[in-house]
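Close look at the chain arrangement
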Amino acid sequence: MKFFFTYIVFFLALNLQSQSKYAVELVDKSSDRVEDYIQHPEEMLSQRSIDRRIDQNIHLDSKDVPIDPLLIQECINTGAEVLSSSKWLNILYVSAGEEQRAQLEKLSFVKSVTALQESVMSKAVEDQAYLPAKKSSSIYGLSDDFIKQIRVDYLHDKGYTGKNIQIAVFDTGFPGVDILEEFKEVGVKGSYNFVEGATDVYKNNYHGTMVLSTMGVNKPGTYVGSAYEADYWLFTTEDINSETPLEEFNWIEAAEYADSVGADVINSSVGYYDYESPYISYAYEDMDGKTTHISKGATIAASRGILVVVSAGNEGNKDWNYIVTPSDAVDVLAVGAVDKYGIAAPFTSYGPSSDGRIKPDISAMGVSVPVFNEYGEIKTLNGTSFSSPITAGSLACLRQAFPGASVKAIIEVLHSTASLDGNTDDRLGYGIANFEQAYLELEKSLSQVEDELIGLKILPNPVKEILKVRGLDDKKYIYSICDSSGRMVLSGSDNLNNGIDLSILKKGYYQLIILNGNTKINLGFIK
């Protein structure tokens, strides 16, 4: 039996005279450039992205600052071809000969130039079986099994359907999504093809179309996805015809873009690992969350407040056996696969990560999953490629219910409420997700916090000159204001209903810290 999930292995180029691929790591960004951008966050991030950070009390830092284009141009002047760049990793991915490499290493702002191995892919398509679309007694129709198995129907019943939440989907392509009746109601905010550097994502392999259907299709009585009222960004990051390390950088670029436009959730049903020739490629030891470029990028995405959901891999019955990257990343939700009865799929990849963390995190249905293909036909397919988006859509509904909950808090509650009840398994992680219990636990934890400072808001935000906090009693509070680097720039004790004069502060991102007895709360704001 074959499954789609993308498999990659790196190999050394034998022809040393040809162009090779390198990761060019730059020295730290200049403090002046960082300070200037952080004082003007709207020049690098959308207001929605800034709001996500404010909601979750996340500081802006140097990773948010774009690489200086003058430095990129200097690299180009050596004759090297810059194929991709990452502001988060502060790295350029280039194609260069030995002479260009030597020139790159001499540049004063270059920290290191590391050769990247080329890759080949073992690729296959899932077993497919036609399944006629027919009415059902359930409003979910053919999606009833995978929706109810993880109890996301409970969130739907409470009105949490992903509305106003944005999901970025990283995949191979989305043919048919722009023309099929089945996808007519799917709210696509935008798209980009990072493989070709173009806007057209509605071509190439249809894997992304099938993935999207599990979340976004809304045909009551026939098929309803896990986040049928969410908005979607569609990004082609995977080239099924030619595999190189560039695809990891495509992924990171897409994640940076998703962050900048304000996406709340990322679903990635592609992943990378060692398939052959272990002496020149990834080893299980590299699945530690901090070795591969893509896992570093995924962890940074999570640190920006994005819920990153990835397929654990379909290697459980193959020689590799283990999870694939970026499912090894820290604070990223890796999803394994079960059948509709809750039994682990034979192909679902084994954990843990090589540094001993529980992976996969949770599991969802990935066996005989009904999906729509590029012709609008419903087929049943297998793979963690589908358990991941089913989960990602469900997380969008949970994010809608708790917009201020941190990524760590949501992952922890999903762990604690999954089916294995605190135990773990190297196939299922913490078990099958239970979004009803996760919702109830989050609601309970928030309701138990009984303090007058909870639920405060700075209005308006961004602030012009006078900062006021809505929801405070008419008394004095001790407060301090810190800039984006954590340095205190103002402090005092005052009735905050009257406001704090910020006229001496530069434009930028700040944190207001309010003390009341032993209670402290941070409120982010933009001036």
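It should be noted that the structure appears before, not after, this text.
Read on for an overview of the structure.

The rules behind the values
- Residues numbered from 1 in each chain as written.
- Predicted model: local features only at pLDDT ≥ 70, side-chain atom pairs only at ≥ 80, totals over all residues.
- Heavy atoms only, no water.
- Helix = DSSP H or I, 4+ residues; strand = E, 2+ residues; numbered from the N terminus.
- Buried < 20%, exposed > 50% of the residue type's maximum accessible area, 1.4 Å probe, protein only.
- Contact = heavy atoms within 4.5 Å.
- Areas by Shrake-Rupley, 256 points an atom, 1.4 Å probe, with all protein chains shown as cover.
- Axes fitted to C-alpha atoms, helices over the stretch in contact; angles between N-to-C directions.
- Parallel < 35°, antiparallel > 145°, perpendicular 65-115°, else oblique.
- Nonpolar A, V, L, I, M, F, W, Y, C, P; charged D, E, K, R; others polar.
- Core = buried A, V, L, I, M, F, W, Y, C linked by side-chain atoms within 4.5 Å.
- Salt bridge = Lys/Arg side-chain N within 4 Å of Asp/Glu carboxyl O.
- Phe/Tyr/Trp six-rings, centres within 6.5 Å; stacked < 30°, edge-to-face > 60°.
- Pairing = 2+ DSSP bridges.
- Left-handed = near helix turned anticlockwise from the far one by under 90°.
- Polar contact = N/O pair within 3.5 Å; in protein donor to acceptor, adjacent residues only side chain to side chain.

1. Concerning the overall build of the protein
Regarding its fold elements, the protein presents twelve helices and 26 strands. Across the 527 residues in the protein, those meeting the buried criterion constitute 59%. Taking the contacts inside the protein whose residues are at least 6 apart along the sequence as the reference set, 76% of them involve residues at least 24 apart. Per element, the accessible surface of the protein, about 21,100 Å² overall, is 48% carbon and sulfur.

2. Regarding the packing of helix α2 (residues 47–55) against helix α8 (residues 246–261)
Between α2 and α8, the least distance of the axes is 5 Å, while the angle of their chain directions is 85°. Comparing their axes, α8 and α2 come out roughly perpendicular. Taken together, the residues of α8 that come into contact with α2 (itself represented by R48, S49, R52 and R53) are A258, D259, S260 and V261. Of the residues belonging to the contact of α2 with α8, the class tally is two nonpolar, two polar and four charged.

3. A short note on the nonpolar core
By size, the foremost hydrophobic cluster in this structure holds 101 residues, and its most contacted members are Y232, W251, I266 and L398. For this core, the element with the highest residue contribution is helix α10 (residues 384–401), accounting for eight residues. The residues touching L398, leaving out its near neighbours within four places in the chain, are L155, I410, F435, A438, Y439 and L442. Judged by nonpolar contacts, the second largest core, of 20 residues, contains L472, L496, L523 and F525.

4. A closer look at the pattern of salt bridges
Considering all chains together, one arrives at 16 salt bridges under this definition. One salt bridge connects D259 with R52, and the closest N-O pair in it is separated by 2.9 Å. Here D259 is found in helix α8, whereas its partner R52 is found in helix α2, with 207 residues between them in sequence. The same class applies to D259 and to R52, which are both buried. Across the pair E105 and R101 runs a salt bridge whose closest N-O atoms are separated by 3.3 Å. Within this pair, E105 and its partner R101 are both found in helix α4 (residues 98–106), separated by four residues, close to a single helical turn. Residue E105 is classed as partly exposed on the basis of its relative accessible area, which comes to 43%.

5. Structural notes on the packing of aromatic side chains
Counted by the stated rule, this structure contains 16 aromatic pairs. The interplanar angle of 40° and the centroid separation of 5.9 Å between the aromatic rings of Y160 and Y439 together place this pair among those described as tilted. Taken together, the residues Y160 in the loop between α6 (152–157) and β8 (166–171) and Y439 in helix α12 (residues 435–447) connect sequence positions 279 residues apart. Within the aromatic cluster, the residues linked to one another by ring pairs are F170, Y192, F194, W233, F235, W251 and Y257.

6. Concerning the sheet that holds strand β4 (residues 91–96)
If you walk across this open sheet you meet the four strands as β3-β4-β2-β5, and the pairing is antiparallel. Either end of the sheet is taken by a strand with one partner, and the two such strands are β3 (81–86) and β5 (110–116). Each neighbouring strand pair of the sheet contributes to a mean axis angle of 25°, computed without reference to strand direction. In this sheet, β4 lies alongside strand β2 (residues 20–26) in antiparallel orientation, the contact comprising six bridges. Considered in β4, the bridge of Y22 is made with V94. The strands that α8 touches are β2, β3, β4 and β5; relative to β3, the one it contacts most, it runs at about 45°.

7. Let's talk about the packing of helix α7 (residues 207–216) against α10
Running from amino to carboxyl end, α7 crosses α10 at an angle of 40°, the nearest separation of the two axes being 8 Å. Here α7 is positioned oblique relative to α10, judged by the angle of their axes. Note that α7 runs across α10; the crossing there is right-handed. Taking contact as the criterion, the partners of H207, M210, V211, T214 and M215 in α7 are, on α10, S385, F386, P389, I390, A392 and G393. Looking at the contact of α7 with α10, its residues break down into seven nonpolar, four polar and no charged.

8. Examining the side chain of R304
Structurally, the position occupied by R304 is in the loop between α9 (293–303) and β14 (307–311). Classification of R304 as buried rests on a relative accessible area of 5%. Reaching out from R304, the side chain makes a polar contact with the side chain of S303 at a distance of 3.1 Å. Sequence-distant contacts of R304, that is, excluding residues within four places in its chain, are made with R52, R53, I58, D61, K63, D64, W88 and D259.

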